[in-house]
Amino acid sequence: MTGVMARLGAALFAATCALPAWAAPAVEQTEQQGRNFHAIAMFAVFVCATLGITYWAANRTKTAADFYAAGGGITGVQNGLAIAGDYMSAATLLGLSSLVYTKGYDGFIYCISFYACWPIIMFLMAERLRNLGKYTFADIASYRLDQKQVRTMAAIGTLTVVIFYLIAQMVGAGQLIKLLFGLPYWSAVVIVGVLMVIYVTFGGMLATTWVQIIKACLLLGGGTAVMLLAFSQFGFSFENLFSQAVEAHKDGIKIMGPGTLLADPVTAVSLGLGLMFGTAGLPHILMRFFTVPNAVEARKSVFIATFCVGFFFCVVCLMGLAAMVIVGKNPAYFEGGNILGKMLGGGNMPAMHLAHAVGGNLLLGFLSAVAFATILAVVAGLALAGATAISHDLYANVVKGGKSTEKEEVRVSKMSSLVIGVLAVGLGILFEKMNIAFLVGLTFGIAASCNFPILILSMYWKGLTTRGAVWGGIVGLVSAVAIVVLSKSVWVTVLGNAAPIFPYEQPAIFSMPLAFLTAWLVSTLDRSPRAAKEKEAFADQLVRAQTGFGAAGAARH
Amino acid sequence: MSSEIYEKIRRNPRFIEMVAKRNRFAWTLSLIVLVLFYSFILVVAFFPKLLATPLWEGATTSVGIPIGAGLIVFFWLLTGYYIHRANKEFDKANVEAIKEATR
């Protein structure tokens, strides 16, 4: 068994998602457990409800605007919940709570790093995204630049992020279902793939949004319930909780301050950059800003999302701390009843064991179902973002030069989501036994170094030209990939070399400035007549960015 | 068609003033968040002991806890403040600029 554990190394923790590779304290393969019928039944209820919603949404999804952006008819509050849903993954629930459980305060620092991007998105991006974009962030990047080149670049950035993120989610789903439901790996991958394609092709953005909203409410509700039940055992006193946690933890009082996880400043700052600006470059999150009717609702949605994410991170931290006492001192949750040994089901289980300890099998089943539903909702959002990049950016605007009909575009989009679904299932099965901890770090690195620089420069810097945007994007993409491949997480862990060529695992602190510098340098040196025109067009773009006058897709519902 | 209207809006002095104000406001708030967040990260990297100091004598709770929680709450309040000013002030200037230009 240990041999299996050592040989196989898919990381549930990092794999389950938004959590980057460097956040993974333990990389492990899960083992199939006994069937959990509570969890399976509750998950079945979730699936039925979401399929009902998809049927309802399908009748309301006729045009391209419906399909890509739910007709711009989502309210700020709904969209805020959906954004929070896109951001709070199974990794947030399981991974971050286990990080707090093992490392204490270091886990809290991660939570804060994950959170700090939201105010920046509010101040600098939300309104402009809404006012300038239609369906994809490439709409904004190519607003005054060359449609074909910039859209192709943006679509490559989007698809790379989507595919890597999808593989990570798929492998995470497979590991999770073995652990929580007691079903085989492949069944999870196929279930996730099939449902994702159904949601996206039939229900488009409307169904995807509602799946996300329901999941966000379940996750917030379930997490809060477990936290409150656990916290009540400490009389709702923080000091009481902390002192008992310190007493129970092997590191004692050290868990109340920063530990070794972020001791290296380059790693710490790079982590912060990657998380902050990577989030601001995730295509499925950016796409959410086009589903609201105007800038007012876009702002409201970030406000709601920021609240939900911040609240949930606090809940997760409290869960981790309470688990130190309630789970950590209970031999029933450890292999062979040894509380110094391995936890049953692996290192990502404190939140689940805590749910069992305070609420029995029913609460455990509920939380398991929610964790799986969470993956399902996130992959649906990703698949839609990928399909939109293919149909709206590549097909309609690059191949057809903007001359395709809406009907064709939507048809291509549905076909693309099918292809993405098949690809995701295939890759999910292929990657089962690979160590994929690096994938999430890579995803955030690319989003921060390729998507984000192009997007923010196109919105804020008059001088950006097509050449600058394309070269900046290429340099960001290539350098982020190169750094991750040459670092320990791929070069040593996956490829089996003795020592890494590049000492740091976080690409952002290097690749982001490289991308910006390239975009600036190439744009500044660009003396072509096209460049002059592009710079001139910024003035009109700025008016629309500020006022929303002429913005696409106002609400029709 | 819209190019002419954009031109008019662009020349509207109240629009120009609003853009300058909004830019200053948005960048100031962003700077506050960035400076606070990266100072926190640098304290974590260079002076971790600072955050581990007990909140009061004999307490288990360290100063890092309220500081971290404070950052989360403060950042959220800042987003609320931004919305408040954008809804009240900036949007009004926008509506007027558009109205004047399309008259």
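Parameters at a glance
- Residues numbered from 1 in each chain as written.
- Chains lettered and ligands numbered in written order.
- Predicted model: local features only at pLDDT ≥ 70, side-chain atom pairs only at ≥ 80, totals over all residues.
- Heavy atoms only, no water.
- Contact = heavy atoms within 4.5 Å.
- Buried area = accessible area lost by both parts, 1.4 Å probe.
- Salt bridge = Lys/Arg side-chain N within 4 Å of Asp/Glu carboxyl O.
- Helix = DSSP H or I, 4+ residues; strand = E, 2+ residues; numbered from the N terminus.
- Buried < 20%, exposed > 50% of the residue type's maximum accessible area, 1.4 Å probe, protein only.
- UniProt positions renumbered as here; feature names shortened; annotations may be inferred.
- Core = buried A, V, L, I, M, F, W, Y, C linked by side-chain atoms within 4.5 Å.
- Phe/Tyr/Trp six-rings, centres within 6.5 Å; stacked < 30°, edge-to-face > 60°.
- Patch = residues over 30% accessible without salt bridge, like charges linked within 9 Å, V, L, I, M, F, W, Y side chains within 5 Å.
- Areas by Shrake-Rupley, 256 points an atom, 1.4 Å probe, with all protein chains shown as cover.
- Expected span 1.5 Å × (residues − 1).
- Polar contact = N/O pair within 3.5 Å; in protein donor to acceptor, adjacent residues only side chain to side chain.
- pLDDT = per-residue confidence, 0-100.
- Axes fitted to C-alpha atoms, helices over the stretch in contact; angles between N-to-C directions.
- Parallel < 35°, antiparallel > 145°, perpendicular 65-115°, else oblique.
- Nonpolar A, V, L, I, M, F, W, Y, C, P; charged D, E, K, R; others polar.

A separate point is the interface of chain A and chain B. With 50 residues of chain A in contact, the opposing surface of chain B contributes 53 residues. When the two sides are added together, the surface that chain A and chain B hide from each other amounts to roughly 4,600 Å², 74% of it contributed by carbon and sulfur. Of all residues in chain A, the largest losses of buried area upon contact with chain B belong to F123, Q546 and F549 of chain A, amounting jointly to 16% of the total for that side. Inspection of the region where chain A meets chain B yields 3 salt bridges. The partner of R299 of chain A in a salt bridge is D91 of chain B, with the nearest N and O atoms 2.6 Å apart.

To continue, consider unusual backbone geometry. All names here are of chain A. Positive phi values are uncommon outside glycine, yet A70 reaches one of about 50°. Along the polypeptide, A70 turns up in the loop between α4 (64-69) and α5 (76-87). By relative accessible area, which is 4% here, A70 ends up buried. At F236, a residue that is not glycine, the phi angle is positive and equals roughly 55°. By secondary structure assignment, the location of F236 is in the loop between α11 (185-232) and α12 (238-248).

Let's shift gears to the UniProt feature "transmembrane region" (unreviewed entry) in chain B. Residues and elements named next belong to chain B. According to UniProt, the positions carrying the feature "transmembrane region" (unreviewed entry) are residues 25-47 and 59-83. Between the end C-alpha atoms of residues 25-47 there is a gap of 32 Å, over a span that is 96% helix and 0% strand. As annotated, residues 59-83 comprises 80% helix and 0% strand, and the C-alpha atoms at either end are separated by 38 Å.

If you look at soluble globular proteins, the nonpolar side chains tend to sit buried side by side. Residue and element names in this part refer to chain A. Of all hydrophobic cores here, the largest spans 223 residues; its most connected members are L93, W118, F123, M125, M319, M352 and L354. Ranked by the residues each element gives to this core, the list is headed by helix α16 (residues 350-399), at 24 residues. Beyond its immediate stretch of four places on either side in the chain, L354 contacts V226, A230, M319, A322, A323, I326 and V327.

Here we come to the packing of aromatic side chains. Under the defined criterion, the tally for this structure stands at 29 aromatic pairs over all chains. Between Y460 of chain A and W27 of chain B the ring centres are 5.4 Å apart and the planes differ by 75°, which places this aromatic pair in the edge-to-face class. Of the two residues, Y460 of chain A sits in helix α18 (residues 437-460) while W27 of chain B sits in helix α2 (residues 13-46), which places them in two different chains. In this structure Y460 of chain A comes out as partly exposed when scored by relative accessible area, which is 21%. The class of W27 of chain B is partly exposed, set by a relative accessible area of 40%.

Looking now at the side chain of T224 of chain A. Along the polypeptide, T224 of chain A turns up in helix α11. For T224 of chain A, the residues in contact, after removing those within four places along its chain, are F311 and V315 of chain A.

Right, let's get into the pattern of salt bridges. Going through the model one piece at a time under the given rule, you end up with 20 salt bridges over all chains. When the shortest N-O distance is used, the salt bridge between E89 of chain B and K21 of chain B registers 3.5 Å. With E89 of chain B in helix α4 (residues 64-102) and K21 of chain B in helix α2, the pair connects residues that are 68 residues apart, well separated along the chain. Under the relative-accessibility criterion, K21 of chain B is labelled partly exposed at 30%. Bridged by salt links that share partners, the residues E127 and R299 of chain A together with R22 and D91 of chain B form one connected network.

Residues and elements named next belong to chain A. Nonpolar side chains collect at one region of the surface, where W186, V190, V194 and I429 lie side by side and expose about 360 Å² of accessible area between them. Of all the elements, α11 adds the most residues to the nonpolar patch, at 3 residues. If you trace the backbone, V190 turns up in helix α11. Classification of V190 as partly exposed rests on a relative accessible area of 32%.

All names here are of chain A. Here α5 is 12 residues long and its end C-alpha atoms lie 16 Å apart, about the 16 Å a rise of 1.5 Å per residue gives. Burial within α5 is extensive, with 10 of its 12 residues counted as buried. Buried residues of α5: G76, N79, G80, L81, A82, I83, A84, G85, D86 and Y87, and no others.

Residue and element names in this part refer to chain A. Along the chain, K62 turns up in the loop between α3 (37-58) and α4. For K62, a relative accessible area of 60% corresponds to the exposed category. Separated by 19 residues in the primary sequence, K62 and F43 have C-alpha atoms spaced 29 Å apart. Within the local environment of K62, its side chain forms a polar contact with the backbone oxygen of N59, the two atoms lying 2.6 Å apart.

Let us look at the confidence of the model for chain A. Residue-level pLDDT values for chain A average 87, and 93% of them are 70 or greater. Predicted confidence is poor over residues 1-28 of chain A, with pLDDT under 50, and the contacts of this stretch with residues over four places away or in other chains come to 100 contacts.

All names here are of chain A. Their axes nearest at 8 Å, the elements α5 and α11 cross at an angle of 70°. With respect to α11, the element α5 is oriented roughly perpendicular. For the pair α5 and α11, the contacting residues are Q78, L81, A82, G85 and D86 in the first and T209, W210, Q212, I213, K215, A216, C217 and L220 in the second. Split by residue class, the contact of α5 with α11 holds 7 nonpolar, 4 polar and 2 charged.

Attention shifts here to the confidence of the model for chain B. Residues and elements named next belong to chain B. When pLDDT is averaged along chain B, the result is 90, and 98% of the positions lie at 70 or above. Mean pLDDT per element in chain B: helix α1 (residues 2-11) is the minimum at 82, and α2 is the maximum at 92. Across the interfaces of the predicted complex, the ipTM metric reaches 0.93, alongside a pTM of 0.89.

All names here are of chain A. Structurally, the position occupied by M319 is in helix α15 (residues 295-326). According to the relative accessible area criterion, M319 is buried, its value standing at 1%. Apart from residues lying up to four places away in sequence, M319 is in contact with L93, G223, V226, M227, A351, L354 and L367.

The next point concerns helix α10 (residues 147-180) of chain A. Residues and elements named next belong to chain A. Taking 1.5 Å per residue, 34 residues should reach 50 Å; α10 reaches 47 Å between its end C-alpha atoms and fits that length. Counted residue by residue, α10 has 26 buried out of 34 residues, so it is predominantly covered. Sitting at the head of α10, D146 places a side-chain oxygen 3.1 Å from the backbone nitrogen of K148. One or two steps after α10, the chain reaches G182, where phi turns positive at roughly 75°.

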